[in-house]
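The lines below spell out each chain.
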Amino acid sequence: MSALGQIGELWQLVPVQRAGGGLLLAAFGLPIVGVVIVGLDIMPVRFAMMHVALLGIAVGQLVGLDPVLCALVACALAGAGVAPLARTADGLSGAMGLLMSLAIAAALLLLALSGVNANGAFALLWGSILAVRPADLAVLGALALAVPALFVWRRRDLALLLHDRELAQCSGVAVQRLTVLLLVLVAVAVAGAIRLTGALLVDALTLLPALAARRLGRSLVSITAWAVGIGVVVNVAGFLLSLAWDLPPGPVLVLAAGAVALVAHLIPERRTRSWRLPAASSAPSPH
């Protein structure tokens, strides 16, 4: 059977349709979250939320609730909880390191004391894209609407915050509240992608498209548009390739997104400008 024929046959299956729909929805929200991660320079947030997600999954298995729902709640609470520690960029990184250590220790202790099968908890970290459920699609759909809406609604404030925290504060931006909102959004996005690629490969949906887009964009608006565009192309192409060649979708998505990011970074530096420059120009004039 040809590759196209195999894709057409597999596409008749409901789990495959849900997986494709989930990846498409993810492409409209999660790459923008990646732009926030890069802009705030909080790369460790991904690792911290992976460990918090594991803790939420362990709690869900222990009490008999949906593990992914518990992971979402745990990540949202963790994102809001570390925000008061994020007075500076260095504070953010330190808070995420502390959170990561505490979360993994609590998760492992809980799994050891409860007798819960740890294989089920760790399996979600690797993802199971064909196990995407309608509830997972609802979460991804909400992110696909909420993240772009937040960007449109608070674009100037976001540009200032991602450019310079102190400048944003002096310009009247509610920095602390906006930081809390962004951290919760990042945390929920990481948890929402667990079914698709697993927490360990979530960079394929968030960070890698943003890194490539940052190289190609000339403003915060254009870098966001590039990130979403790259996310759509990578998610669709990677998923189709995995179906055609019977490959695991998660690693294929990571490799595809990584290849795009690598190609983007081969573009000479002189052809691009920092996306942060328009943020400074958007600050109110002292006159």
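Residues numbered from 1 in each chain as written. Predicted model: local features only at pLDDT ≥ 70, side-chain atom pairs only at ≥ 80, totals over all residues. Heavy atoms only, no water.

Digging into the overall build of the protein chain
Here is step 1 of the chain: Helices and strands together make up the secondary structure of the protein chain, namely 15 helices and zero strands.
Here is step 2 of the chain: Counting over 287 residues, the protein chain shows a buried share of 47%.
Here is step 3 of the chain: By sequence separation, contacts in the protein chain at least 24 residues apart represent 77% of the contacts at least 6 residues apart.
Here is step 4 of the chain: Counting every atom, the protein chain has about 13,000 Å² of accessible surface; 69% of that belongs to carbon and sulfur. (Helix = DSSP H or I, 4+ residues; strand = E, 2+ residues; numbered from the N terminus. Buried < 20%, exposed > 50% of the residue type's maximum accessible area, 1.4 Å probe, protein only. Contact = heavy atoms within 4.5 Å. Areas by Shrake-Rupley, 256 points an atom, 1.4 Å probe, with all protein chains shown as cover.)

Topic: unusual backbone geometry
Here is step 1 of the chain: Despite not being glycine, Asp246 has its phi angle at roughly 55 degrees, a positive value.
Here is step 2 of the chain: Secondary-structure assignment places Asp246 in the loop between helix 13 (220-244) and helix 14 (249-265).

Things to note about the pattern of salt bridges
Here is step 1 of the chain: Going through the model one piece at a time under the given rule, you end up with four salt bridges.
Here is step 2 of the chain: With its nearest N and O atoms 2.5 Å apart, the salt bridge here joins Asp66 to Arg133. With Asp66 in the loop between helix 3 (44-63) and helix 4 (67-82) and Arg133 in the loop between helix 6 (118-126) and helix 7 (134-153), the pair connects residues that are 67 residues apart, well separated along the chain. (Salt bridge = Lys/Arg side-chain N within 4 Å of Asp/Glu carboxyl O.)

Section: helix 3
Here is step 1 of the chain: Spanning 20 residues, helix 3 covers 29 Å between terminal C-alpha atoms, matching the ideal 28 Å at 1.5 Å per step.
Here is step 2 of the chain: Phi turns positive, to about 85 degrees, at Gly64, one or two residues after helix 3. (Expected span 1.5 Å × (residues − 1).)

A closer look at the packing of aromatic side chains
Here is step 1 of the chain: In this structure the tally under the stated criterion is one aromatic pair.
Here is step 2 of the chain: When the ring of Trp11 is compared with that of Phe239, the centres are 6.3 Å apart and the planes differ by 65 degrees; the resulting orientation is edge-to-face. With Trp11 in the loop between helix 1 (3-10) and helix 2 (14-40) and Phe239 in helix 13, the pair connects residues that are 228 residues apart, well separated along the chain.
Here is step 3 of the chain: Residue classification places Trp11 among the partly exposed positions, given a relative accessible area of 36%.
Here is step 4 of the chain: Judged by relative accessible area, Phe239 falls into the buried class, the value being 4%.
Here is step 5 of the chain: The ring centre of Trp153 lies 5.1 Å from the NZ or CZ of Arg154, which sits over that ring. (Phe/Tyr/Trp six-rings, centres within 6.5 Å; stacked < 30°, edge-to-face > 60°. Lys NZ or Arg CZ within 6 Å of the ring centre and 35° of its normal.)

A few points about the UniProt feature "transmembrane region" (unreviewed entry) in the protein chain
Here is step 1 of the chain: UniProt marks residues 20-40, 52-79, 99-125, 137-153, 181-208, 220-244 and 250-267 with the feature "transmembrane region" (unreviewed entry), using the numbering shown here.
Here is step 2 of the chain: Annotated as residues 52-79, this span is 89% helix and 0% strand, and its ends, taken at the C-alpha atoms, are 10 Å apart.
Here is step 3 of the chain: Annotated as 100% helix and 0% strand, the span residues 137-153 places its first and last C-alpha atoms 24 Å apart. (UniProt positions renumbered as here; feature names shortened; annotations may be inferred.)

Focus on the nonpolar core
Here is step 1 of the chain: Residues Met49, Val52, Met96, Leu99, Leu182 and Leu196 are the most contacted members of the largest nonpolar core, which totals 79 residues.
Here is step 2 of the chain: Broken down by element, the residue count for this core peaks at 12 residues, all from helix 2.
Here is step 3 of the chain: The residues touching Leu182, leaving out its near neighbours within four places in the chain, are Val36, Leu40, Leu150, Leu158 and Leu161. (Core = buried A, V, L, I, M, F, W, Y, C linked by side-chain atoms within 4.5 Å.)

Description of the packing of helix 3 against helix 4
Here is step 1 of the chain: The geometry of helix 3 relative to helix 4 is characterised by a closest axis approach of 7 Å and an angle of 135 degrees between their N-to-C directions. As the angle between them shows, helix 3 and helix 4 are arranged oblique. For the pair helix 3 and helix 4, the sense of crossing is right-handed. Touching Met49, Val52, Ala53, Gly56, Ile57, Gly60 and Gln61 of helix 3 are Pro67, Cys70, Ala71, Ala74, Cys75, Ala78 and Gly79, all from helix 4.
Here is step 2 of the chain: Residue composition of the contact of helix 3 with helix 4, by class: 10 nonpolar, four polar and no charged. (Axes fitted to C-alpha atoms, helices over the stretch in contact; angles between N-to-C directions. Parallel < 35°, antiparallel > 145°, perpendicular 65-115°, else oblique. Left-handed = near helix turned anticlockwise from the far one by under 90°. Nonpolar A, V, L, I, M, F, W, Y, C, P; charged D, E, K, R; others polar.)

A look at the confidence of the model for the protein chain
Here is step 1 of the chain: Mean pLDDT over the protein chain works out to 80, with 84% of the residues at or above the 70 mark.
Here is step 2 of the chain: The element-level mean pLDDT for the protein chain is lowest in helix 15 (residues 277-281), coming to 41, with helix 13 highest at 92.
Here is step 3 of the chain: Counted against residues more than four places away or in other chains, residues 270-287, with its pLDDT under 50, gives 30 contacts. (pLDDT = per-residue confidence, 0-100.)

Some remarks on the packing of helix 4 against helix 10 (residues 175-192)
Here is step 1 of the chain: For the pair helix 4 and helix 10, the least separation of the axes is 8 Å and the interaxial angle reads 155 degrees. Relative to helix 10, the element helix 4 lies roughly antiparallel. Two packed elements cross with a definite hand, and for helix 4 against helix 10 that hand is right-handed. Facing helix 4, whose interface residues are Ala71, Leu72, Cys75, Ala76, Gly79, Ala80 and Val82, helix 10 presents Val180, Leu183, Val184, Ala187, Val188, Ala191 and Gly192.
Here is step 2 of the chain: Residue classes in the contact of helix 4 with helix 10 are distributed as 12 nonpolar, two polar and no charged.

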